Amino acid sequence: MSELHKFIFDGLPVRGMIVRLTDAWQEILKRRAGNTGTGAYPAPVRELLGEMAAAAVLMQGNIKFNGALVLQIFGDGPVKVAVAEVQPDFSLRATATVVGELADDATLSQMVNVSNQGRCAITLDPKDRLPGQQPYQGVVPLFGDRREKLEQLSEVLEHYMLQSEQLDTALVLAANDQVAAGLLIQRLPVTGEGNLAGASNEDLIGLDEHYNRIAILAKSLKREELLTLDVDTILRRLFWEEQVLRFEPFAGETGPRFACSCSRERVSRMIRSLGVAEAESIIAERGSIEVGCDFCGQQYHFDPVDAAQIFTSPGDQPPVEPVVH
Ligand SMILES: [Zn+2]
């Protein structure tokens with residue numbers, strides 16, 4: 001079961017979150033692997049997309065915002081686009097477009113930042129958008145302060161958090177075929193009493209000793225540990241000297257889960273709108289109609305009989321019971 005855990009450090013201006021996507025992540029991989037048009041994601045893309053899905057849940061969990069959080073990478077290499085989208089209720093989907101071959105050990109820059117032109121965009125799309133209201137979007141490059149290519153998605157997103165929120169953030173991300181997981185530690189914004197001296201969040205970057213200590217502990221977590229250990233064990237191992245206060249986790253119905261708005265009915269309506277002549281010519285050419293969802297990779301297959309049924313008006317559709325000859 002996929003889960004999101006939030007916690008704070010008692011009396012310190014530091015908060016944290018751990019996400020573990022299991023069933024939700026496996027569903028994303030399964031839909032893509034079952035698509036005969038695309039086939040499964042290459043191994044390094046699976047890792048990248050899993051890290052993006054985990055990071056997007058953490059970022060959605062970190063804000064109070066009624067709308068979708070969309071984390072996108074626009075690549076200049078074989079991976080053209082990778083997207084993870086998380087709704088306020090933590091339902092999520094993810095997809096990537098890959099063109100050409102990729103080595104099994106391809107690095108982040110070999111996938112999406114070959115000429116240092118790749119970029120990462122974070123979009124907050126309000127649910128009830130007012131007329132003329134644009135979604136908020138922040139964009140960061142995939143290189144560091146000296147234009148050096150970043151090889152970890154966590155570094156890219158740490159830069160983004162620092163730029164957009166002026167908040168120190170430490171991220172550890174990891175994904176394999178079973179689990180996509182992430183740990184986030186963030187310095188809390190200064191408010192009220194703590195801010196009497198007029199210090200801005202920006203002034204405090206890198207200077208909070210409590211945050212610095214906890215971030216170093218967090219960064220000592222190995223990817224393998226993040227993927228294999230349960231949340232209780234991770235928190236105990238990393239922060240056994242700290243006072244960690246935990247909130248009720250989001251799991252099951254309230255937790256992260258896969259959801260896509262595509263369905264066989266929707267695809268049928270789309271085929272009907274093509275018109276019978278177009279549908280018949282596709283059938284004549286390819287033997288069937290295959291439609292893949294752009295947002296999750298699910299493939300919908302319509303053989304000639306399925307396709308003919310789409311164009312039978314609802315009034316005279318045959319009974320649904322199978323006919324046994
Ligand atoms: Zn879909």
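As the structure is a computational prediction, the values presented were derived from the model and not from experiment.

*Asks:* Describe the overall build of the chain, naming the residues involved and giving the relevant values.
*Replies:* The secondary structure content of the chain amounts to 10 helices and 14 strands. The dimensions of the chain, computed from C-alpha atoms along their principal axes, are 80 × 45 × 45 Å. Among the 325 residues that make up the chain, the fraction classed as buried is 34%. Long-range pairs, those at least 24 residues apart, make up 67% of the contacts in the chain between residues at least 6 apart in sequence.

*Asks:* Explain the environment of Arg 223 residue by residue, including any values.
*Replies:* Position of Arg 223 relative to the elements: it lies in helix α6 (residues 223-228). In this structure the C-alpha to C-alpha distance between Arg 223 and Lys 6, which are 217 residues apart in sequence, comes to 19 Å.

*Asks:* How would you summarise the pairing of strand β8 (residues 169-175) if you had to cite specific residues and measurements?
*Replies:* Burial analysis of β8 places seven of its seven residues in the buried class, the great majority of the element. In β8, alternate side chains face the same way, and those of Thr 169, Leu 171, Leu 173 and Ala 175 on one face and Ala 170, Val 172 and Ala 174 on the other are all buried. Sheet topology note: the β8/strand β9 (residues 180-187) ladder contains seven bridges and is antiparallel. Residue Thr 169 lies in a different strand from β9, and its bridge partner there is Gln 186. If you look at the hairpin formed by β8 and β9, you'll find four residues sitting between the two strands.

*Asks:* Tell me about helix α2 (residues 43-61), residues and numbers included.
*Replies:* In this model, α2 (19 residues) spans 27 Å end to end at C-alpha, consistent with the 27 Å of a helix rising 1.5 Å per residue. Burial runs high along α2: 17 of the 19 residues are buried.

*Asks:* Pulling in residues and values, what's your account of the domain arrangement of the chain?
*Replies:* When its domains are assigned, the chain resolves into domain 1 (3-258) and domain 2 (264-315). The C-alpha-based centres of domain 1 and domain 2 are spaced at 37 Å. Each partner contributes to the interface: domain 1 provides 10 residues, whereas domain 2 provides eight residues. Put simply, the parts of the chain that give the side of domain 1 that touches domain 2 at least two residues each are α1 (23-33) and β5 (91-98).

*Asks:* I'd like a description of the pairing of strand β14 (residues 299-302), backed by residues and values.
*Replies:* A regular strand carries its side chains on alternate faces of the sheet. The alternating pattern of β14 places Tyr 300 and Phe 302 on a buried face and Gln 299 and His 301 on a face that is not buried. As judged from the four bridges shared by strand β13 (residues 289-292) and β14, these two strands associate in the antiparallel manner. Each bridged residue has a counterpart across the sheet, and for Ile 289 the counterpart in β14 is Phe 302. Hairpin connection of β13 to β14: six residues between the antiparallel strands, including Gly 297 at a positive phi of 85 degrees.

What counts as what
- Residues numbered from 1 in each chain as written.
- Predicted model: local features only at pLDDT ≥ 70, side-chain atom pairs only at ≥ 80, totals over all residues.
- Helix = DSSP H or I, 4+ residues; strand = E, 2+ residues; numbered from the N terminus.
- Buried ≥ 20, exposed ≤ 12 C-beta atoms within 10 Å, placed from the backbone.
- Contact = placed C-beta atoms within 7 Å.
- Pairing = 2+ DSSP bridges.
- Expected span 1.5 Å × (residues − 1).
- Domains from an automatic or database assignment.

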